[in-house]
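Close look at the chain arrangement
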Amino acid sequence: MSDWMIWFAIACVLVGLEMASGTFYLLMIAIGAAAGGIAALLGLDGLTQCVVAALLAAIATFGLRRSGFAKKSVVDANRDPNVNLDVGQLLEVHAWHVVAGAAATARVRYRGALWDVELEEGGHPVAGAFVIREARGNRLIVSNV
């Protein structure tokens, strides 16, 4: 089996493993292996093929890392409506308890139970409908509609 066939077989295996992992890092190494295969097709010696493969894999991995494309976005579960179904729902506040220097709070009936409600920073403590923006423990953080 020729050197270039081995390099491209390694690249194919790495692409297959990448499909299972979904991180894109194995794909960058597969690109390096493909570059080693191209170096073998050009007739370069084994050491040069390895250097070309390693160099291109390192550059591709560094570029992927710098791009932010492979980074997972961190979502606060307290604010994510996919995690907490209360986020985005409406509730009615009849009266607020306002203390200077602290967030306005209230006690409301929501889903058949009494809940502590805190007004989001910048909100206006007036009676009416509010949207749930976050759930911190047993306290709902709301903002004006």
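Summary of the structure given here.

The rules behind each value
- Residues numbered from 1 in each chain as written.
- Predicted model: local features only at pLDDT ≥ 70, side-chain atom pairs only at ≥ 80, totals over all residues.
- Heavy atoms only, no water.
- Phe/Tyr/Trp six-rings, centres within 6.5 Å; stacked < 30°, edge-to-face > 60°.
- Helix = DSSP H or I, 4+ residues; strand = E, 2+ residues; numbered from the N terminus.
- Buried < 20%, exposed > 50% of the residue type's maximum accessible area, 1.4 Å probe, protein only.
- Expected span 1.5 Å × (residues − 1).
- Arc of directions from axis to C-beta.
- Contact = heavy atoms within 4.5 Å.

Below, the discussion takes up the packing of aromatic side chains. Inspection of every chain in the model, using the stated rule, returns three aromatic pairs. Where Trp-4 meets Phe-8, the ring centres are 6.2 Å apart and the plane angle is 70°; that geometry is what we call edge-to-face. Of this pair, Trp-4 and Phe-8 both sit in helix α1 (residues 3–21), four residues apart, which is roughly one turn of the helix. Residue Trp-4 is classed as partly exposed on the basis of its relative accessible area, which comes to 33%.

A separate point is helix α3 (residues 46–67). Because an α-helix packs 3.6 residues into every turn, residues spaced three or four apart end up facing the same way. Here α3 is 22 residues long and its end C-alpha atoms lie 31 Å apart, about the 32 Å a rise of 1.5 Å per residue gives. Buried within α3 we find Gln-49, Ala-53, Ala-57, Ala-60 and Leu-64. Taken down its axis, α3 places every buried residue within 70° of arc, on the same side. Exposed residues on α3 whose side chains face more than 90 degrees from its buried face are Leu-47, Leu-55, Ile-59, Phe-62, Arg-65 and Arg-66. In this structure, the buried side of α3 is in contact with α1 and α2 (25–41). Phi turns positive one or two residues past the end of α3, at Gly-68, with a value near 80°.

Any functional reading would require information beyond the geometric quantities listed.
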